[in-house]
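Here are the chains, one letter per residue:
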Amino acid sequence: MIEASQLNKSFDGRVAVQDVSFRVPEGGRLMLLGTSGSGKTTTLRMLNRLIDPDGGTVLFRGQDTRTFRPEILRRQMGYVMQQYGLFPHYTVAENIAIVPRLLHWDKPRIRRRTEDLLRQLGLSWDAHAHQYPNQLSGGQQQRVGLARALAADPPVLLMDEPFGALDPVTRTRIRQEFLELDEFKSKTVVMVTHDIRDALELGDHIGIMDKGRIIQMGTPDELQQNPANDFVAAFLHGQTDAS
Ligand SMILES: Nc1ncnc2c1ncn2[C@@H]1O[C@H](COP(=O)(O)OP(=O)(O)OP(=O)(O)O)[C@@H](O)[C@H]1O
Ligand SMILES: [Mg+2]
């Protein structure tokens, strides 16, 4: 479904991402796990061409993403931004409707879809559709960010620290809700996190990133049983202990 090969990216001569390669099959869930500044967001944004790599290629369904118009590509890849990324001057309903509007859905269809998503995510049209993001709690904003990414039913979801701003209790609950959501189950997912518990619960594969590189890639079991080096071991172990 998504195949990244030897991605490289520097900003102002400083390497942010180096030789990053991975494959995510249809329905797969890859977690990019690493410390702050390790190149996770940059990697994610090279998948939907929010950032163009200096070198390397990304294939989507076997086709080089450079052959897509960026906006066409992005409609196939719902994007949940780090820190929600909701438009503050749009209501909840308007935020969720952004891609459906671009796709010229008619109003009743957008309304039905928005109501349905809000309900699935434990929010309601009457209580929340006309609120602005700053009137919502962090957890509610996070759900709206997910609803927006899911609105036009893209096959791929790119999620950047979707639970990053939440307290541990809310984080655990929302993570569980995501897992149980039918719409989430059918997606191909690439998700960025610095939280080992997110990665273990949501991922079928985990790529550990450090200093712009993926230093180990494997299933949760493989990483836990055979960490490639002390960094991986410390990362898995240290954060698990902190829970
Ligand atoms: N637009 C930019 N201009 C200059 N440097 C950038 C830019 N975006 C990222 N960087 C640098 O690239 C490196 C990787 O950044 P990136 O945002 O990918 O890290 P990250 O793993 O997502 O970190 P975090 O967990 O803090 O979000 C960092 O050193 C960062 O300062
Ligand atoms: Mg980031």
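Scroll up for the structure.
Calculation criteria
- Residues numbered from 1 in each chain as written.
- Chains lettered and ligands numbered in written order.
- Predicted model: local features only at pLDDT ≥ 70, side-chain atom pairs only at ≥ 80, totals over all residues.
- Heavy atoms only, no water.
- Near = heavy atom within 4 Å.
- Polar contact = N/O pair within 3.5 Å; in protein donor to acceptor, adjacent residues only side chain to side chain.
- Areas by Shrake-Rupley, 256 points an atom, 1.4 Å probe, with all protein chains shown as cover.
- Helix = DSSP H or I, 4+ residues; strand = E, 2+ residues; numbered from the N terminus.
- Nonpolar A, V, L, I, M, F, W, Y, C, P; charged D, E, K, R; others polar.
- Pairing = 2+ DSSP bridges.
- Axes fitted to C-alpha atoms, helices over the stretch in contact; angles between N-to-C directions.
- Contact = heavy atoms within 4.5 Å.
- Buried < 20%, exposed > 50% of the residue type's maximum accessible area, 1.4 Å probe, protein only.

**Student:** Which residues make up the site of ligand 1, and what values go with them?
**Tutor:** Looking at ligand 1, the residues that line it are F11, A16, T35, S36, G37, S38, G39, K40, T41, T42 and Q82. Interatomic distance of 2.8 Å between a backbone N/O atom of G37 and an oxygen atom of ligand 1. Between ligand 1 and the protein, one listed contact pairs an oxygen atom with a backbone N or O atom of G39 at 3.0 Å. Starting from 630 Å² of accessible surface for ligand 1 in isolation, the protein chains cover 60%. If you tally residues by element for the shell around ligand 1, the top one is helix α1 (residues 40-47), at 3 residues. Residue composition of the shell around ligand 1, by class: 2 nonpolar, 8 polar and 1 charged.

**Student:** I'd like a rundown of the sheet that holds strand β10 (residues 213-218), residues and numbers included.
**Tutor:** Here we have 6 strands laid out as an open sheet, ordered β6-β7-β8-β3-β9-β10, and mixed in their pairing. Only two strands of the sheet have a single neighbouring strand rather than two, namely β6 (77-80) and β10. Averaged over all pairs of adjacent strands, the angle between their axes in this sheet comes to 15 degrees, without regard to strand direction. Note that strand β3 (residues 29-34) and strand β9 (residues 205-210) share 5 bridges and pair parallel. Residue pairing for β9: G34 is matched across the bridge by M209. Across the sheet, helix α7 (residues 138-150) touches β6 and β7 (156-160), and the angle it forms with β6 is around 165 degrees.

**Student:** Tell me what's going on with the pairing of β9, and back it up with residues and numbers.
**Tutor:** Most of β9 sits out of view: 5 of its 6 residues are buried. Both β9 and β10 contribute to a ladder of 5 bridges, which runs antiparallel. Bridge pairing in β10 links I208 to Q216.

**Student:** Requested: an account of the environment of D116, with residues and values cited.
**Tutor:** One can find D116 in helix α5 (residues 107-120). Residue classification places D116 among the partly exposed residues on the basis of a relative accessible area of 22%. Sequence separation of D116 and A147 is 31 residues, and the distance between their C-alpha atoms is 9.6 Å.

**Student:** Can you break down the side chain of K9 residue by residue, with the values?
**Tutor:** Looking at the secondary structure, you find K9 in strand β1 (residues 2-11). We classify K9 as buried; its relative accessible area is 13%. Polar contacts involving the side chain of K9 include one to the main-chain carbonyl oxygen of D52, which spans 2.9 Å.

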